[in-house]
Amino acid sequence: MKIEKFVEFETEVEIHVDIDDIASAIIEDREKSRHAMLRGIINFHKFMEAMPDDIVSECNSEQAKIIAGFFEKQLVRFKSI
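Cut-off values and rules
- Residues numbered from 1 in each chain as written.
- Predicted model: local features only at pLDDT ≥ 70, side-chain atom pairs only at ≥ 80, totals over all residues.
- Heavy atoms only, no water.
- Helix = DSSP H or I, 4+ residues; strand = E, 2+ residues; numbered from the N terminus.
- Rg over C-alpha atoms; globule rule 2.2 N^0.38 Å.
- Areas by Shrake-Rupley, 256 points an atom, 1.4 Å probe, with all protein chains shown as cover.
- Lys, Arg positive; Asp, Glu negative; His and termini not counted.
- Charge placed at Lys NZ, Arg CZ, Asp CG, Glu CD.
- Salt bridge = Lys/Arg side-chain N within 4 Å of Asp/Glu carboxyl O.
- Buried < 20%, exposed > 50% of the residue type's maximum accessible area, 1.4 Å probe, protein only.
- Phe/Tyr/Trp six-rings, centres within 6.5 Å; stacked < 30°, edge-to-face > 60°.
- Patch = residues over 30% accessible without salt bridge, like charges linked within 9 Å, V, L, I, M, F, W, Y side chains within 5 Å.
- Contact = heavy atoms within 4.5 Å.
- Polar contact = N/O pair within 3.5 Å; in protein donor to acceptor, adjacent residues only side chain to side chain.

Moving on to the overall build of the chain. When helices and strands are tallied, the chain shows four helices and two strands. Mapped from its N terminus to its C terminus, the chain presents α and β elements in the order β-β-α-α-α-α. Scaling as 2.2 N^0.38, a compact globule of 81 residues should have a C-alpha radius of gyration of about 12 Å, whereas the chain reaches 16 Å, well beyond that. The C-alpha extent of the chain, read off along each of the three principal axes, is 40 × 35 × 20 Å. For the chain, the accessible area works out to roughly 7700 Å², and carbon and sulfur atoms hold 61% of it. Side-chain charges of the chain comprise 11 positive and 17 negative groups, with the mean position of each set lying 9 Å from the other.

Put into structure tokens, the structure is as follows:
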């Protein structure tokens, strides 16, 4: 995962965060992680809602299949709660 963020002194930096870093952070503080998860899901929802259909339609069939599979897997996770 790569995140680009502007910091106060107005210099652009790149921060590389891999899945192991994320997993370690989740394990360290479950309460903060739960709040971060909810914020992340809300931000992702806003991102997806803002994505124009014409950009989404530029995905090829393989990309669409992978993305749909991801969403289906996550749907099952949350519906099982």
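Following the criterion strictly, the structure yields one salt bridge and no others. A salt bridge links Arg-34 to Glu-31; the shortest N-O distance between them is 2.8 Å. In this pair, Arg-34 and Glu-31 are both assigned in helix 2 (residues 30-50), three residues apart and thus about one turn of the helix distant. The class of Arg-34 is partly exposed, set by a relative accessible area of 39%.

Another point: the packing of aromatic side chains. Within this structure, the stated rule accounts for three aromatic pairs. Geometrically, the ring pair formed by Phe-44 and Phe-71 is tilted, given 6.0 Å between the ring centres and 35° between the ring planes. With Phe-44 in helix 2 and Phe-71 in helix 4 (residues 61-79), this residue pair connects regions lying 27 residues apart in the sequence. Looking at Phe-44, the relative accessible area reads 37%, which means it is partly exposed. Every member of this aromatic cluster is reached through a ring pair, and the members are Phe-44, Phe-47, Phe-70 and Phe-71.

Let us now look at a nonpolar patch on the surface. There is a patch of nonpolar side chains on the surface, built from Phe-44, Phe-47, Met-48, Ile-67, Phe-70 and Phe-71 and spanning about 530 Å² of accessible area. When residues of the nonpolar patch are traced back to their parent elements, those giving at least two are helix 2 and helix 4.

The topology assignment puts Ile-3 in strand 1 (residues 2-6). A C-alpha to C-alpha distance of 6.4 Å links Ile-3 and His-16, two positions 13 residues apart in sequence. Discounting chain neighbours no more than four positions away, the residues touching Ile-3 are Val-13, Glu-14, Ile-15 and Val-17.

Here Ser-33 shows up in helix 2. With relative accessibility at 16%, the residue Ser-33 sits in the buried group. One polar contact links the side chain of Ser-33 to the main-chain carbonyl oxygen of Ile-26, over a distance of 3.3 Å. Apart from residues no more than four positions distant in its own chain, Ser-33 is found in contact with Ala-25 and Ile-26.

Shape is all these values report; function is a separate question.
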